[in-house]
Structures are given as C-alpha cells and as structure tokens.
Amino acid sequence: MEFRLLGTVSVDTRTGPLPLGPAKRRSLLAALLLSANTPVPVARLTDSLWGEEPPPRARGVIQGHVSRLRALLTGAEAQAYGVELVTLGDAYVLRVPETLLDYQRFEELLMLARQQRSAADTVRMLDDALSLWQGPALGGTFTEGPLQAAAHTLEESRLATVEELARAYADLGEHHRAASVLRAEAVAHPMRESLAAALILALYRAGRQSEALDWFHRTRRLLADELGIDPGHELADAYALILRGGPRPGAAPAGGTDAAGASRAGTGPAEGAGTTAPPGPRVPAAHNPSAAPHPTDLLPRAPRGFHGRNAELAALTRAAAGEAPVCLVTGPAGVGKTSLALQWAHHNFAAFPDGRLFADLRGFSETGEPALIDVLREFLLALGVAPRRVPESVSAAAALFRSLTDRRRLLVVLDNARDSATVRALLPGGTDCVTLVTSRNRLEGLIASDAARPVPLGILGPQDGTALLAGVLGEERILAEPVAARRLAELCGGLPLALRVTAARLAGRPQWTLAGLADELADERGRLTFLDVDDTGVSAALRLTVQQLPADAVRQLARLGHHPGGHFDPYTCAALAGTDPAAAAAALERLGSAHLVTETAPGRWVLHDLVRLYARGLDPASGAEALVDVLDHYIATALAAADTAEPGGEPCFVLPEGYRPAAVRDFADRAAAMHWLATERDDLARAAVAARGAGLHDRAWRIILLQWPQVVWRVRDSWAPLLELALDSARAKQDLYAESRVLNLLGWVLTEEGRTAEALTLLERSPGLAQQAGDRLGEATALINLAVVQAGQGELDRALEGCGRAVVLAREEEDRHTEMLALQHLARLQLSAHRPGDALGSARTALALGPEHEEAARRSLLLAVSGEARLALGEEDEGILLLDRAAEEAERAGYDEGAVRALEVLLRVSARAEYRTRHALALRRLTDGG
C-alpha cells in the first residue's frame, strides 16, 4: 500500500488504486495525510474542505467522508500495513507508517542526497526523489486555504530540488544537462528568479553566453512588465558574473570564436556574412544594425593605476541589470567618477556587442559644454549614419538616435553631466542599452524622470589610497616609508585626484622622502598649493565646480570654511552667513547637490578637509567675524538646550560683551536637548579651543560650562580636560564668577573620577571666590560639592555643616533647583551619619520642591535615599518599594548610574532575579556609554 500526495492524491494497493470518490473526500484524505499520526481537529478539516464559508452541516459531511474512507481502507486490508483511521474526541488521526507516504520518502531521499560525498551519488539520489512526482502536488483536491499552502510548500521543495540537481550536474562538469533540467522549470515558472539565475549560469558555463544573456533580458523584461520590478540580487549577480567574465569551465580559449571575440575580429553577425540583398528598396545601413562591420567603440583608454572601488563596481553591475537602465555615478570633484565609469565599461566589453559610445559633456569645464547637436552627430556618425542624413535639429537627431538604438545592446557613457535635461536628450531607445552618467551634481531630476540608479562615490580608504600611490611610485618606495605613505593618504583626504597629484610630485623627485612631503602637507596654509601641478589639481577642480553655483551658495561655502567644528546644520550655517535657517538649508542643498558638502544624517552636514581649505580661501577676511558669529550661535543654542534639559536650573552667567546670536532652534523636550548636547560635544569642544586660540576667552569658558547638564548626566565621560581649558580661560579674563563656577563643576567631576585630593584642592577655593563675586547660588553649589569630598575624607561633621549652609543660601535666593540639590546631598550625608529619620525628612522636603515631570535623575536619587532610610528604620517593604521606584525612574529617564545605585541596594536585601537582570543591563549600558 502507498499513499501519494506528489501528484493526484491517491492510495495504491496490490489490486490497484482505491476509488476515493469526489474531491472533498480526496481533500479530507490529503489533510489527514499531511498531518499523519497527529490528531487533526474537525475545525481544521472544515477549513481545508470549505475555506471561510462552510455549509451548516459541515461536521456531518466530514463524518460521512471519514466513514467512507475507513470502509475503503478496511476493504484494502490497511490494518496489515499498520494503517488505521481513528476518532479521538473532536479530531481524527490517520495512523500510517512514514515509509508508505511518498512525500516522506521524497524528504528522506533529499536528506540522503545532501549527505553524499560524491556528486554522482547525489545526482542519483535527487533523480530518485524527483521521480516520485507524478504531477502537481495534491492534484484532484479542493486546494484552498491550508491545502493550497501545503501544495505550494511541496512545489517549492520540488523546485529547490531541481536547482540542487542542477548544481550537482555542475559539480560533475555536465553544464548542458544542468541547463536541460532547469530550462523546463524556468519556462513553467518564468517569475521564479532563482530558477532563471541558475539557468543563466548553467548556459554560460556550458559556453552558451549569448543564450544566457538573452534569457536574462527576457526575464528582466517579464519582471518589469508583470510586476514592475527590477531583477533581485540573485539574478543580478548571475548577470554580473557573466559581465565580469567570471569562471566558466569549458570556455573557449583566448582567440576563440565566442561572440565577443567574433565582434572584436570584425566578422560581424553571421547572418550578414556573404549574403546578397534581395530585390526591392535598399535599406540604408544607418537603419540596419546588422549591416555594421564591427561594433562602434568611442571609449577613451582604460584608466591606469586604478585601485579599489570593488563595492562601487559591483553596485554599477547591479544597477545595469534593469530595463534600459540609467546608472548615475555621483561624487565630488576629483573623487574618480570618470575612472570608475571607464574601468567598468572596459571590464564589461562583452556585454555590449553592438558598441560603446562616449561623450564628455564638460558640465564643469571652463571651455563650456558642447552643443547637444554636436554630441548627437558624433553618436549618429559612429552608428553608421551618412553625414548628409544627420538631422539638423536636436529633437530630430535625438529621435533618430533612439530609433537606431532600439534593438541594439549598446553602452552609452555620458561623462561630466551638469544637469538632467542634457542627459535626457542623449538617452538611447533600446531596453537592452545601458546608459552610464557621471556628475558632480546629484541629478535628482534624472532619478525622478528616468529611474536613474545612483551609485554615490566617496573617498578612498587609507589602504586603497596607499595602493594608488604605490601604483605610481612603486611598491619599494611605499614599503620603505609605510607610515608616511598612510599619512599622505590621510592628508589627501582619500581624494584620488589629490593622491595622483601627490604621486606625480614625488615621482619627479626621487630624492624627496614621503615623510618630508607629508610634513609639507600638514601645514594647512600651503596644502592646496602642493596639491596642484601644471593645469591639474584640487583647487582647479573645485574652482570649476564652484563657478557653477549661485552667489548665495558661494557665500555660504566661503563662510563654512571658517567653521571650527566638523559638522554643521542649517542653524549653524545661518549664523556663519548672516542669513536665516531656511535660506541656509537651501544653500546647503545646492552645495550638497554639487557634492561640496555631504549630508551624514538628516539635517547634519560635513565638509571634506580639502574643500574646507579651498572654501576658507574664497573669503579669508571674514574669518574673525565668522568665528564670533558661530561661537555666539553655540552659546545661544547651548543655553536653550540647558534650559530645556534642566528647566529649574539657574542661568550660569550673563552674556558676553558684543553677543549677537542668530536664529536658535527650539528643543521639544529634555531628550531632544540632551541629544543635541551629546551629538555636538566634539564640535562644541572644537569651538571652545578655537575661541581660546583667538583670545575670545569670555566665549570659550561659557561654551564649555553650558554643557553642564550633559556633564552631570555622563560625569565619568572624560570631561576634565575640557573643564581645565575653561578654567584657564576664566583665569585669563580674571573673572572670579567664571572661575568659581568652573571649579565647582571640575571639582565634582574629579570627585566622581576618584581624584579626591585634586578635587578637594580646587573645591576649597571655590566658595570664597563665589563670595567675592557676589554669587550666592554659586557659593551654595560650591559648598555642596565640597561637602561630598569632605564626607569621602571622613570629615562628616564639616560636610553636614556645609550642606546645611547651602540649603539656607538656596532658600534665601528662592532657588528651588539648588535647594533641592542641597537637600538631596544633605539627606545622603545624614544617612551616612546614621540619622535615617533626618535623611527621610530632607528627602521628602526635596521631593516636594520639584514637579514630577522635572529633574528625573534628581527624583531617582531622592527616592533611592528615601528607600535606604526606610530600610535603616526597619521598614523593609516600604524601602524596597521606594528603591524599585527609584530604579524604574532612572531606567525610564536613561539615567543608568542612578539605576545601578538603586538596584545595588535592592540586591543586598532582595534575591529577586528581576533585580539582578535589570542591574546587569543597566551596568552594561553604563559601561558601553549608554
């Protein structure tokens, strides 16, 4: 006895197949066999037989079919084979040995095939497995719902097995048999890309390259027409392998008669050789692609010394796999767009048997762009059109060009395009043609109108940069000074043009060392001069880009050259250029489109080092003014961020003399403000260093001190060097107020870093300085920080006295924020002095001062102190509850230090696994920097 699902559902016996009857009964049997030896509820059987609209008497119908099946099986002596259909409550189970199920034997043969070491044995096993199939799975059943899904799964398994069989044939070198196995399935399943990809590779490896390419384009067109999509990675990668001329066992030797070789030899298509035209009207050669004696090739020579760019070359190949694709290589001046395009074009010669056209559109040249009609005339002449037949108008010439390329497989390279409109007029008409465009602009219009696929080109990494130098200078010279070579690559900013100019200088001067030139380039004042040679260089390339820009974008670029930071946004740019953020954003978009600035995140831009040096030279006289403007912008924005992050906090200082802020961003909430402070930390530090270098000390210490919410939040994050710079600037201005405020923050940071002795020396001076400056709140803060250090040194009485004095000062000044801070530390000190009742009272008073939505970190610390006080008073349940709340608030606010502290106390009094897990997570976040 044998049960078959791989074809028409049937039960074979010694006397022939059982008469199963109607489709419903076959469907019921199929559903039971698919879950053989497992109870199948009536509800699932109902779904299998009727889907979402079962009849009112569905259960009775199922019972009738089960009864009939049971009778058929009994009549065929099924019990002798171990087969039995039984009822289990509201379900039925068909008990049957797996050896009697064809789909189980199929799976077993697959498993055995995959375990074979010999490809020949694998082929035999897979052949046996596929021989079990007698047609589409679950034939003769009601294939909707669950049965339809099961049939689809089985069919997917069969197709995957066919692909495995083809791979096994390939392992044996029998690529023709692999192609034969795959072709029938590819015809039956034309939308299955994996089958098409496998067939294409099998044809290619069997030496049938032209047939493989034809099958790819056929599949590509089908996907576009039916689904409106381009080939996926698997199909595109198969196409890419052919274009690359990848490994092809059994390929013709060099000089053989493959299609590409025939074209190169000038033999032309076979049907055009030795034939006589029939009588009738003569077709002009220009309109007959097969009449051309050899493919047109207008490409310049392949680039020399080309290195790296493997990812971009692969991206180009994938982009070229679409229907009539337009591949758009974009990037800044000197990044190597033309070299990449030519490298790809020369490497994929065989993919374009009808020729390769090339035009330099000179979109960024001082000589101006060529007329479109001149470019089209060159293309038409190259395609065999007689000079007198070239139309005089651009529209007519473009139409003729499209008609001539309609049935060709042609590559068109349009280099240095300035705008989308120029490119559109030069696009070929054939769906098998590929257009490759390079531009310093993003050409977003071309992406929108012609689905151009962008392939952005960035700078070279240090390894590829040194490889490029070695290609010109020789490996020996690079290996002699590897560190200097890498430094040169970094000073050139990874820009291939700059690297080539550097290599050219060194090649002509063998007595120069790489380290010597690196020292010269390290001086920013002369770097661009060194990177120009004859009529080639970075400055010249950038000048040609900049001259295409409107005046407002040029002004914005010039001011950006004086920006002390690494990143900028529209607000920063507005401050630098004296405009508003909207105008600055528009200028940035224009500069970004020209690849003079790069957007690294939404609204966040960077400037390449060499572009920055060039921009600085556009308006060197504005440097001092631009620096003051951007410093004041940072002060204004940091003030807004601090006020939003800690709304109860007291302003740190009066504004500096001559302060003139531009438009300032709004921060929606504390999270946004803290995010800005975190992401701008490096740029704020650079701004402070620049301010100090320019003698603008009053702005340097303010920019640093205004980051106090982030300092408090991430106190162990190496803030001391920056605060020491602020202290130097405060002392340079002889500003007692500033010096005291910086000492407070620096002393507290040093305390948290465990540098207690240094902290004590600084903090002991701070209250007196604040008192001299008349800064009573600063004095209170200084007393609090000093008390923390004193307590750590065992001077608990002095610490309690100082904290108590801080509470009084804050109350007299009616500053709830500072009072809350003083009470928090006072409560902690009282707890250390074994006065839990007093500590609980201080914490309660502090909590009553701050609204719940403010001071999340402070509330967490106060709740933790309250919890510890409760524990000390013997009120364990209440203490655990408060500590849990403290940890939750800290976790919710992202205050990992507070969470760790509260959970550490909890773990001392509770063995709950939840606390251990939360503590580990918070500690990991704290260790990883959040």
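Rules and cut-offs
- Residues numbered from 1 in each chain as written.
- Predicted model: local features only at pLDDT ≥ 70, side-chain atom pairs only at ≥ 80, totals over all residues.
- Heavy atoms only, no water.
- Helix = DSSP H or I, 4+ residues; strand = E, 2+ residues; numbered from the N terminus.
- Rg over C-alpha atoms; globule rule 2.2 N^0.38 Å.
- Buried < 20%, exposed > 50% of the residue type's maximum accessible area, 1.4 Å probe, protein only.
- Contact = heavy atoms within 4.5 Å.
- Areas by Shrake-Rupley, 256 points an atom, 1.4 Å probe, with all protein chains shown as cover.
- Lys, Arg positive; Asp, Glu negative; His and termini not counted.
- Charge placed at Lys NZ, Arg CZ, Asp CG, Glu CD.
- Pairing = 2+ DSSP bridges.
- Patch = residues over 30% accessible without salt bridge, like charges linked within 9 Å, V, L, I, M, F, W, Y side chains within 5 Å.
- Salt bridge = Lys/Arg side-chain N within 4 Å of Asp/Glu carboxyl O.
- Expected span 1.5 Å × (residues − 1).

Visitor: So what's going on with the overall build of the protein? Which residues, and what values?
Guide: Counting its regular elements, the protein contains 44 helices and 17 strands. The C-alpha atoms of the protein give a radius of gyration of 39 Å, which is well past the 30 Å a tight globule of 930 residues would have. Here the C-alpha coordinates of the protein stretch approximately 110 × 90 × 55 Å along the principal axes. By the burial criterion, 51% of the 930 residues in the protein qualify as buried. Taking the intrachain contacts of the protein between residues at least 6 apart in sequence as the baseline, contacts between residues at least 24 apart amount to 68%. Accessible surface for the protein amounts to roughly 41100 Å². Of this, 51% is attributable to carbon and sulfur atoms. The centroid of the 98 positive side-chain charges in the protein is displaced by 5 Å from the centroid of its 118 negative side-chain charges.

Visitor: So, the sheet that holds strand 15 (residues 567–568): which residues are in play, and what are the values?
Guide: Pairing within the open sheet is antiparallel, and its three strands lie in the order 15-17-16. Of all strands in the sheet, those bounded by a partner on one side alone are strand 15 and strand 16 (597–601). Pairing between strand 16 and strand 17 (residues 604–607): four bridges, direction antiparallel. Residue pairing across strands places Thr-598 opposite Val-606, the latter belonging to strand 17.

Visitor: How would you summarise a nonpolar patch on the surface if you had to cite specific residues and measurements?
Guide: A grouping of Met-191, Leu-227 and Ile-229 is seen on the molecular surface, where their side chains present a nonpolar patch of about 240 Å² in accessible area. Tracing the chain through its elements places Ile-229 in the loop between helix 9 (209–227) and helix 10 (233–244).

Visitor: An account of helix 37 (residues 776–792) is needed here, citing residue identities and associated values.
Guide: The end-to-end C-alpha distance of helix 37, which contains 17 residues, comes to 25 Å, matching closely the 24 Å that a straight helix rising 1.5 Å per residue would cover. Most of helix 37 sits out of view: 13 of its 17 residues are buried. Following helix 37 by one or two positions, Gly-794 adopts a phi angle in the positive range, close to 90 degrees.

In short, geometric facts, not functional conclusions.
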